[in-house]
Amino acid sequence: MANKNHLLLDNLFDVLVFVRVSETGNFTSAAEKLQISRSAAGKCIQRLENRVSTRLLHRTTRQIRLSEEGERFYLHAKRILSEVDDAENALYEGQQTPSGTLRIDLPVVFGRHYVLPVLQDFIAQWADVEIDVSFSDDYCDLVQEGIDVAIRIGGNDDSRLVRKVLAPHRLITCASPDYLARKGIPETPDELAAHECLVFCHRGRRVAWQFSRDKQIISLPVTGRMRLGDTGAILDAALAGNGICQIGAFLAGPLIAQGKLIPLLNPFSAPGEPVCAVYPSKQFLPPKVRQFLTLLETRWQGKAIWDY
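Residues numbered from 1 in each chain as written. Predicted model: local features only at pLDDT ≥ 70, side-chain atom pairs only at ≥ 80, totals over all residues. Heavy atoms only, no water.

**Q** How should I be thinking about the sheet that holds strand β5 (residues 149-153) in this particular structure?
**A** The strands making up a sheet are joined through hydrogen bonds of the backbone, oriented either antiparallel or parallel. What the 5 strands build is an open sheet, ordered β4-β3-β5-β15-β6; its pairing is mixed. Every interior strand has two partners, whereas the edge strands, β4 (129-135) and β6 (161-167), have only one. Neighbouring strand axes in the sheet, compared pairwise and without regard to direction, differ in orientation by 25° on average. The sheet contact formed by β6 and strand β15 (residues 275-280) spans 6 bridges and is antiparallel. When the sheet's bridge partners are listed, Val162 is paired in β15 with Tyr279. Packing of helix α6 (residues 108-125) onto the sheet brings it into contact with β3 (100-106), β4, β5 and β15, and relative to β4 it is tilted by some 180°. Contacts from helix α11 (residues 287-300) reach β3, β5, β6 and β15 within the one sheet, and its direction differs from that of β6 by about 25°. (Pairing = 2+ DSSP bridges. Helix = DSSP H or I, 4+ residues; strand = E, 2+ residues; numbered from the N terminus. Axes fitted to C-alpha atoms, helices over the stretch in contact; angles between N-to-C directions. Contact = heavy atoms within 4.5 Å.)

**Q** How do you make sense of the pattern of salt bridges when you look at a structure like this?
**A** Any two side chains of opposite charge can pair, given that their charged atoms come close. Overall, the coordinates contain 16 salt bridges when judged by the stated rule. As a salt-bridge pair, Lys288 and Asp148 come within 3.7 Å of each other at their nearest N and O atoms. Of this pair, Lys288 sits in helix α11 while Asp148 sits in the loop between α7 (142-145) and β5; the two residues are 140 residues apart in sequence, bridging distant segments of the chain. Classification of Lys288 by relative accessible area gives buried; the value is 14%. When the shortest N-O distance is used, the salt bridge between Glu297 and Lys164 registers 3.3 Å. Of this pair, Glu297 sits in helix α11 while Lys164 sits in strand β6, and the two are 133 residues apart along the sequence. On the accessibility criterion, Lys164 (28% relative accessible area) is partly exposed. In the salt-bridge network here, residues are joined through shared partners; they are Asp14, Arg47 and Arg51. (Salt bridge = Lys/Arg side-chain N within 4 Å of Asp/Glu carboxyl O. Buried < 20%, exposed > 50% of the residue type's maximum accessible area, 1.4 Å probe, protein only.)

**Q** Just to check I follow, could you spell out the nonpolar core for this structure?
**A** Nonpolar side chains in soluble globular proteins tend to be buried together. Core analysis: the biggest nonpolar cluster contains 42 residues, and Phe110, Val149, Ile151, Phe292, Trp300 and Trp306 have the highest contact counts within it. A total of 7 residues in this core trace back to one element, the largest contributor, which is α6. A domain split of this core shows at least three residues from each of domain 2 (92-168 + 274-300) and domain 3 (169-272). Look past the residues within four positions of Ile151 in its chain and what remains in contact with it is Ile104, Asp105, Leu106, Pro107, Phe110, Val115, Leu166, Val275, Cys276, Ala277, Phe292 and Leu296. Val17, Phe27, Ile45 and Leu81 belong to the second largest nonpolar core, which has 22 residues in total. (Core = buried A, V, L, I, M, F, W, Y, C linked by side-chain atoms within 4.5 Å. Domains from an automatic or database assignment.)

**Q** Can you help me understand empty space enclosed by the protein in this one?
**A** To find the voids left in a structure, one rolls a probe of water-molecule size over its atoms. Tallied over the entire structure, the rule returns 1 cavity of 30 Å³ or more. In this structure, the largest cavity occupies an estimated 80 Å³ of space. Considering the residues around the largest cavity, the lining is formed by 13 residues, among which Leu171, Ile172, Thr173, Ser269 and Ala270 are closest to the centre. For the lining of the largest cavity, the secondary structure elements donating two or more residues are β7 (171-175) and β10 (209-213). Counting residues per element, the lining of the largest cavity draws most heavily on β7, which supplies 3 residues. (1 Å grid on protein atoms, 1.4 Å probe; cavity = no way out; pocket = protein on both sides within 12 Å on 5 of 7 lines; lining within 4 Å. Points joined across faces, edges and corners; volume = space filled by probe spheres on them.)

The quantities given are spatial measurements derived from coordinates; they are silent on function.
Given below as structure tokens:
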């Protein structure tokens, strides 16, 4: 008996055809509802009867009626199909409702100031979601570390990942009013050679500054007595009047708005890499990731809300 049940599950479409024929009373109407041919419907019933070794339908030229065994089978078959529908509906609803743990990787400062508040609203909205957030300015291996989504400033060279642009971003060259009062204001990138530049070092290598000239992006190596491996430290040094820096708009924007930093060389400002979400390439994006990205897009509206 267990083997027969297994066969019935493997051939559920035959059961569906039997139920539709039983309900419509003829093969033609059932076939039209199922978008198959009349002969195909007849073969399904014949295959089903052979499998259960029982006559389920009595056929005449005028009508089709259920046998006694067919009536019993119809009641069970109807219940089975109803349970299949319930299972599909439950799966669909589960796919639409965020649940489980959202594992996300964020840049340290940008993530804390501009993404974490959105995450806090997200978890308040979806009671079945937990969040596991890591903060790093280095790119981690999302697939290897089981990260659902990462927010990054810049591109992505990993073919396993999907990249979704969320907002523009740029680098801003700036200095404190005190420094500029003492040292003067550079009018071109070339004049930076006469200034103290706060050099950012990443993994021991000096990062060149980016400018636009004649519609071309140029990388300008800069020099200075202070070389720092942390953007927060560079910002502190700039605020203290120790030199000129080039930092992300998400750091400089609020301070420029407050008058604590002055933007420089705006005609030479180069567009930067955008803020992006990256996540492992999947055919079906989990609801927790999809809803989180939707909330980010709703809040930011594709704009750099951090820029002055």
